[in-house]
Amino acid sequence: MAKKLFLTPIIILGLIFIVLGLRWMLVDEPWMLDKVANEERLNMTFEKLFSEEINDTLPGYLKQIYRFFGLWVSIIGLFIISFSKEKFIESKAFARNLLICIGTMVFSAQVLAYFYIPSSPFIYLGWGSILLYLVSAWNFKKLS
């Protein structure tokens, strides 16, 4: 039971990362997924930003950046799921390393989100990710 309670939240986190990454890769204007927080950070609207002639190529550049970002987020999710198998966590050292990596990622992402985009709805997703991580961390202690 401890193995399932350790692995299930981590697998859910991996799936969340894959879905988020795919959204950033597939949406036509991915910067609009977090429009309010992004405009707050820019201190202007996207309409004003894109209306300047010097910024004509900016949407294409942003799309490129978000595509790469989405790719990396999806790959991280794939790695998490790939290494969230019972045979891997038979080694408690491996399970601990997996937890350290995931914990570093979810906690530092939450800190950065609060610092750079505090009005983002992704803050709530970050808290959910931390909660899932804590369930796995608690059950790590119960692994034999």
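Focus: the pattern of salt bridges
Inference 1: The final tally for this structure, using the stated rule, is 1 salt bridge.
Inference 2: The salt bridge involving aspartate 28 is made with lysine 63; its shortest N-O contact spans 2.9 Å. One end of the pair, aspartate 28, is in the loop between α1 (2–26) and α2 (35–42); the other, lysine 63, is in helix α4 (residues 58–82), with 35 residues separating them in the sequence.
Inference 3: We classify lysine 63 as partly exposed; its relative accessible area is 26%.

A few points about the packing of aromatic side chains
For any two aromatic rings, the description comes down to two numbers: the centre-to-centre distance and the angle of the planes.
Inference 1: Applying the stated criterion across every chain, the model contains 13 aromatic pairs.
Inference 2: For the pair tryptophan 31 and phenylalanine 46, a centre-to-centre distance of 6.5 Å together with 50 degrees between the ring planes defines the contact as tilted. Linking tryptophan 31 in the loop between α1 and α2 with phenylalanine 46 in helix α3 (residues 46–51), this pair joins segments that are 15 residues apart in sequence. Here tryptophan 31 and phenylalanine 46 have matching classes, each one buried.
Inference 3: With a centroid separation of 4.6 Å and an interplanar angle of 85 degrees, the aromatic rings of phenylalanine 115 and tyrosine 116 are classed as edge-to-face.
Inference 4: The class for phenylalanine 115 is exposed, based on a relative accessible area of 60%.
Inference 5: One aromatic cluster is present, built from ring pairs that chain together Phe79, Phe83, Phe88 and Phe94.
Inference 6: In this arrangement the basic side chain of lysine 87 is found over the ring face of phenylalanine 88, its NZ or CZ atom lying 5.6 Å from the centre.
Inference 7: Between the NZ or CZ atom of lysine 92 and the centre of the ring of phenylalanine 140, over which it lies, the distance is 5.0 Å.

Some details on α4
Inference 1: Taking 1.5 Å of rise per residue, the 25 residues of α4 would be expected to cover 36 Å, and the 36 Å separating its terminal C-alpha atoms lies within 8% of that figure.
Inference 2: Listed as buried for α4 are Leu62, Tyr66, Gly70, Val73, Ser74, Gly77, Ile80 and Ile81.
Inference 3: Next to the buried residues of α4 lie α1, α2, α3 and α6 (92–116).

Re unusual backbone geometry
Inference 1: Unusually for a residue other than glycine, asparagine 43 sits at a positive phi of about 65 degrees.
Inference 2: Mapped onto the elements of the fold, asparagine 43 is located in the loop between α2 and α3.

Focus: the packing of α1 against α4
Inference 1: Relative orientation of the contacting elements α1 and α4 amounts to 160 degrees, with a least axis distance of 7 Å. Classified by the angle between their axes, α1 and α4 sit roughly antiparallel to one another. For the crossing formed where α1 meets α4, the hand is left-handed. Of the residues in α4, those touching α1 at Ile10, Ile11, Gly14, Leu15, Phe17, Ile18, Leu20, Gly21, Leu22, Trp24, Met25 and Leu26 are Tyr66, Arg67, Phe69, Gly70, Leu71, Val73, Ser74, Gly77, Leu78, Ile80 and Ile81.
Inference 2: A breakdown of the residues in the contact of α1 with α4 according to their chemical character gives 17 nonpolar, 5 polar and 1 charged.

Re helix α7 (residues 122–140)
Inference 1: Look at α7: 27 Å from first C-alpha to last across 19 residues, which is about the 27 Å you get at 1.5 Å a residue.
Inference 2: Lining the buried residues of α7 we find α1 and α6.

Brief notes about the confidence of the model for the protein chain
Inference 1: Taken residue by residue, the protein chain gives an average pLDDT of 94. The fraction at 70 or more is 99%.
Inference 2: The secondary-structure element of the protein chain with the lowest mean pLDDT is helix α5 (residues 86–89), recorded at 89, while α4 shows the highest, at 97.

With respect to a nonpolar patch on the surface
Inference 1: The grouping of Phe68, Leu71 and Trp72 at the surface amounts to a nonpolar patch, some 330 Å² of accessible area in total.
Inference 2: Relative to the helices and strands, phenylalanine 68 is located in helix α4.
Inference 3: On the basis of relative accessible area, phenylalanine 68 is assigned to the partly exposed category, the value being 47%.

Definitions and cut-offs
- Residues numbered from 1 in each chain as written.
- Predicted model: local features only at pLDDT ≥ 70, side-chain atom pairs only at ≥ 80, totals over all residues.
- Heavy atoms only, no water.
- Salt bridge = Lys/Arg side-chain N within 4 Å of Asp/Glu carboxyl O.
- Helix = DSSP H or I, 4+ residues; strand = E, 2+ residues; numbered from the N terminus.
- Buried < 20%, exposed > 50% of the residue type's maximum accessible area, 1.4 Å probe, protein only.
- Phe/Tyr/Trp six-rings, centres within 6.5 Å; stacked < 30°, edge-to-face > 60°.
- Lys NZ or Arg CZ within 6 Å of the ring centre and 35° of its normal.
- Expected span 1.5 Å × (residues − 1).
- Contact = heavy atoms within 4.5 Å.
- Axes fitted to C-alpha atoms, helices over the stretch in contact; angles between N-to-C directions.
- Parallel < 35°, antiparallel > 145°, perpendicular 65-115°, else oblique.
- Left-handed = near helix turned anticlockwise from the far one by under 90°.
- Nonpolar A, V, L, I, M, F, W, Y, C, P; charged D, E, K, R; others polar.
- pLDDT = per-residue confidence, 0-100.
- Patch = residues over 30% accessible without salt bridge, like charges linked within 9 Å, V, L, I, M, F, W, Y side chains within 5 Å.
- Areas by Shrake-Rupley, 256 points an atom, 1.4 Å probe, with all protein chains shown as cover.

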